[in-house]
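Next come the chains, spelled out residue by residue.
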Amino acid sequence: ALNSISKAVEEGNAEQLDLLLQAGVSPDIGDATGISPYLRAYQNKKDDLCLKLIEAGADHKNTAVDSENLGVKALQDNKTKLAISLIKARANPRTRESNGMRSLIHIAAENSNWEILSLLLDEKAEFYADEDCHGASASCQSILVNLAKANQLQLLEKLLQESNVYNHGIHHMLINHWDVD
């Protein structure tokens with residue numbers, strides 16, 4: 001059986017959810033199904049309720065959707081508002097996909113989500129040129145190449161200035177991997 005907060009989420013009742021959260025009901029309270037209110041909202045594509053739950057302090061660090069971290073999943077699904085909310089709620093900007101392949105910064109660049117990429121850089125997401133070029137494959141493109149192809153030169157400059165980029169890595173990238181055709 002669903003508890004009151006899960007029922008409000010299931011029904012998409014934002015007003016009821018607000019009242020319950022204002023009354024002090026935990027945004028993480030479980031129910032008989034074992035699904036958290038946040039996960040229920042995400043699975044039902046109720047992003048507005050996800051945002052309310054995150055703002056109310058829902059545990060976004062120990063919850064996963066389809067075995068992926070919430071921030072990763074929001075970026076993979078290109079849910080910008082939700083991803084911004086998670087990043088501002090102190091989601092780890094260094095988080096990677098469960099297979100270890102792509103980081104949040106990679107996913108944002110591949111989705112041409114420059115707003116998220118800029119926010120991640122502001123939050124000190126790490127970027128290593130050697131890792132970027134060697135991690136690039138058919139399923140994981142280079143961040144630097146994505147930025148250059150999209151003519152996002154200010155963002156590219158910000159990335160190079162604020163990240164852990166070493167001359168050797170950039171030199172290696174330019175000589176061996178720079179293909180923007």
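Predicted model only: the values in this text are computed from it and were never measured.

Description of the packing of aromatic side chains
Here is step 1 of the chain: Applying the stated rule across the entire model yields 1 aromatic pair.
Here is step 2 of the chain: Cation over ring: lysine 79 sits above tyrosine 42, and NZ or CZ is 4.2 Å from the ring centre.

Regarding helix 4 (residues 47–55)
Here is step 1 of the chain: Taken together, the buried positions of helix 4 are occupied by Leu49, Cys50, Leu51, Leu53 and Ile54.
Here is step 2 of the chain: On its buried face, helix 4 is in contact with helix 1 (4–11), helix 2 (14–22), helix 3 (37–43) and helix 6 (80–88).
Here is step 3 of the chain: Phi turns positive one or two residues past the end of helix 4, at glycine 57, with a value near 100°.

A short note on the pattern of salt bridges
Here is step 1 of the chain: Taken as a whole and judged by the stated rule, the model has 9 salt bridges.
Here is step 2 of the chain: A salt bridge links arginine 40 to aspartate 31, with the nearest nitrogen and oxygen atoms 3.3 Å apart. Each member of the pair, arginine 40 as well as aspartate 31, carries the same accessibility label: buried.
Here is step 3 of the chain: Here aspartate 77 and lysine 73 are joined by a salt bridge, their closest N and O atoms 3.7 Å apart.
Here is step 4 of the chain: Classification of lysine 73 as buried rests on a relative accessible area of 13%.

How each quantity is defined
- Residues numbered from 1 in each chain as written.
- Predicted model: local features only at pLDDT ≥ 70, side-chain atom pairs only at ≥ 80, totals over all residues.
- Heavy atoms only, no water.
- Phe/Tyr/Trp six-rings, centres within 6.5 Å; stacked < 30°, edge-to-face > 60°.
- Lys NZ or Arg CZ within 6 Å of the ring centre and 35° of its normal.
- Buried < 20%, exposed > 50% of the residue type's maximum accessible area, 1.4 Å probe, protein only.
- Helix = DSSP H or I, 4+ residues; strand = E, 2+ residues; numbered from the N terminus.
- Contact = heavy atoms within 4.5 Å.
- Salt bridge = Lys/Arg side-chain N within 4 Å of Asp/Glu carboxyl O.

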